[in-house]
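A look at the structure
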Amino acid sequence: MKAIYDYNLTELTEAFLSLNEKKFRAMQVFDWLYVKFAKDFNEMTNLNKDLQAKLQESFVIDFLKVKKKQVSKDGTTKYLFELMDGHLIETVLMRMEYGNSVCVTSQVGCNMGCSFCASGLLKKQRNLTSGEMVAQIMHVQFDLLEERERVSHVVVMGTGEPFDNYEEVTKFIQTINEPKGLAIGARHITVSTCGLCDKIEAYGDLGLQANLAISLHAPNDEIRNQLMPINKKYPMDTLRQSIKRYSEKTNRRITFEYILLKDVNDSLVCARQLAHYVKGLNAYVNLIPYNSVDEHGYQSASKETIEAFYNELARLKVRATIRREHGADIDGACGQLRAKFQR
Ligand code: SAH
């Protein structure tokens, strides 16, 4: 049984030809899936019964099993899904002023080993396929249909390092961006990486218009080495050069994500070093309150410290925002729900 969400339009067309079906049938099915949001082949009324049965035998549509669903006071909804092979993943729907944003998981577990993050509590078991990422969006979309709402934004910021699963993640972006399908605008799609430099540059070469966010979280190598092992492979200077090349190729502004951890990276000296690092880059900084993870010892910086940090950046003419928390009451941080469920 194959997951039909794993097929982009070209691949679906090829699959139909090899099933001895006409090309236009693939287009019809694609339309049923992504424009009419069919969950079952027997809803596809312009296909004859034989073809419906044939498709039923070859493909599954929505294969995600909901193990748990938590809804926060602010409407943030966190899903714990079971994949076909039994692995568990998390997906989050965030209701923003500008639309409905879905945070997608890209790997089962993660090998990047950031010391503050709940995702890495489970080492990478495997990459997700493009179809397993598409299915996360579709499942949330099915729920939103009841409110006549659409998924308008996608962030690849769930568990996993997207650039450690580069091929499937880029295929996923292309699939949900497909104008004849979901047609989620590239500018509404954001990929977040801990800083795999070779892939940052490759991503720039692809010519997608999707956004790029970099998890920086430190103003210098000394602190970043402690927080993020990837910094030993790609130190901040190397990262900066890759970002520069990315920006020159794409003309796009990047986002630096910076979690403020009490007494670790939240001093005004840190703010000044960060400002120095960002200067000359087409970038802005997103300051993020830390979501405590039981297994790690870190605490979030206080509201006052975050504001002081922000003001120092502003004084140094660095564009920055403070991220509003979503779903703090429902194990909002990636990997938290999964970790709790398994305990
Ligand atoms: N591997 C990718 C994407 C997944 S993590 C990356 O590193 O960017 C998505 C974002 O959430 C990253 O910026 C990550 O550092 C941040 N994050 C992880 N744990 C967090 C926590 N407990 N509180 C707040 N942000 C967290």
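Right, let's walk through the structure included here. Just so it is clear, the model here is predicted, and its values are computed rather than measured.

Description of helix α3 (residues 49–58)
Listed as buried for α3 are Leu-51, Gln-52 and Leu-55. Taken around the axis of α3, the buried residues stretch over an arc of 105°, which confines them to a single face. Projecting away from the buried face of α3 at angles above 90 degrees are the exposed residues Lys-49, Asp-50 and Glu-57. Next to the buried residues of α3 lie α1 (9–18), α2 (23–34) and β2 (59–60). One side-chain oxygen of the residue at the start of α3 lies 3.1 Å from the amide nitrogen of Asp-50, identifying that residue as Asn-48.

Some points on the packing of α1 against α2
Describing two packed helices takes the angle between their axes plus the distance from one axis to the other. At a minimum axis distance of 8 Å, the contact between α1 and α2 shows a crossing angle of 130°. Classed by the angle they form, the pair α1 and α2 counts as oblique. The two elements α1 and α2 meet at a crossing, and its hand is right-handed. Along the contact surface, α1 presents Leu-9, Leu-12, Thr-13, Phe-16 and Leu-17, while α2 presents Lys-23, Arg-25, Ala-26, Met-27, Val-29 and Phe-30.

Quick look at the packing of aromatic side chains
Here the structure, examined in full by the defined rule, presents 10 aromatic pairs. With 5.2 Å between their ring centres and 15° between their planes, Tyr-79 and Phe-81 make a pair best called stacked. We classify Phe-81 as buried; its relative accessible area is 0%. Ring centres of Phe-163 and Tyr-166 lie 5.7 Å apart, and the angle between their planes is 65°; on these two criteria the pair is classed as edge-to-face. Tyr-166 carries the same exposure label as Phe-163, and that label is buried. Counting every residue linked through ring pairs, the aromatic cluster contains Phe-163, Tyr-166, Tyr-203 and Tyr-246. Cation over ring: Lys-39 sits above Phe-142, and NZ or CZ is 4.9 Å from the ring centre. Over the ring of Tyr-277 we find Arg-240, and its NZ or CZ is 5.9 Å from the ring centre.

Some remarks on the environment of His-153
In this fold, His-153 is placed in strand β9 (residues 151–156). His-153 gets classed as buried once you look at its relative accessible area, which sits at 14%. Between the C-alpha atom of His-153 and that of Arg-187, which follows or precedes it by 34 residues, the distance is 8.6 Å. Residues in contact with His-153, not counting those within four places in the same chain, are Tyr-98, Asn-100, Ser-101, Val-102 and His-188. Looking at His-153, its side chain comes within polar contact range of the side chain of Ser-152, at 2.9 Å.

Some thoughts on the side chain of Ser-130
For Ser-130, the position within the fold is in helix α4 (residues 130–145). With relative accessibility at 0%, the residue Ser-130 sits in the buried group. In this structure Ser-130 touches Tyr-5, Asp-6, Glu-168, Lys-171, Phe-172 and Thr-175, once residues within four positions along its chain are discounted.

Some points on the nonpolar core
Core analysis: the biggest nonpolar cluster contains 107 residues, and Tyr-5, Phe-172, Tyr-203, Phe-256, Val-285 and Leu-313 have the highest contact counts within it. The biggest single contributor to this core is α4, with 8 residues. Of the residues that make up this core, three or more belong to each of domain 1 (2–60) and domain 2 (65–342). With sequence-adjacent residues up to four places away left out, Leu-313 is seen in contact with Ala-271, Leu-274, Ala-275, Val-285, Leu-287, Val-318 and Ala-320.

Criteria and cut-off values
- As a convention, each chain's residues are numbered from 1 in the sequence order in which they are written.
- For this predicted model, a pLDDT threshold of at least 70 governs which residues receive local features, and a threshold of 80 or more governs which side-chain atom pairs are given and counted, while totals over whole chains, interfaces and linings are taken from all residues.
- Working from all heavy atoms in the structure, the side-chain values ignore hydrogens and water.
- Burial here depends on accessible area, computed with a 1.4 Å probe over protein chains only, as a share of the maximum for the residue type. Under 20% is buried, over 50% is exposed, and the range in between is partly exposed.
- Think of it this way: any DSSP run of H or I at least four residues long counts as a helix, any run of E at least two long counts as a strand, and we number them from the N terminus.
- Arc definition: it is the arc formed by the directions from the helix axis to the C-beta atoms.
- Residue contacts are defined here by distance: any two heavy atoms, one from each residue, within 4.5 Å place the two residues in contact.
- The term polar contact refers here to a pair of N or O atoms within 3.5 Å; inside protein, the definition further demands a hydrogen-donor-capable atom paired with an acceptor-capable atom, and it admits residues adjacent in sequence only when both atoms are side-chain atoms.
- Simply put, an axis is a line fit to the C-alpha atoms, just over the touching stretch for a helix, and the angle between two N-to-C directions goes from 0 to 180 degrees.
- Oblique is the label for any angle not under 35 degrees, not over 145, and not in the 65 to 115 range, which are roughly parallel, roughly antiparallel and roughly perpendicular in turn.
- Each crossing gets its hand from how the near helix is turned against the far one by less than a right angle, where anticlockwise is left-handed and clockwise is right-handed.
- Pairs were defined over the aromatic rings of Phe, Tyr and Trp, the Trp ring being its six-membered one, requiring ring centres within 6.5 Å. Orientation was assigned from the angle between planes: stacked under 30 degrees, edge-to-face over 60, tilted for the rest.
- Lysine and arginine charges are scored as sitting over a ring when NZ or CZ, respectively, is within 6 Å of the ring centre and within 35 degrees of the ring normal.
- By nonpolar core we mean a set of buried residues, namely Ala, Val, Leu, Ile, Met, Phe, Trp, Tyr and Cys, connected to one another through side-chain atoms within 4.5 Å.
- Annotation comment: domain bounds sourced from an automatic or database domain assignment.

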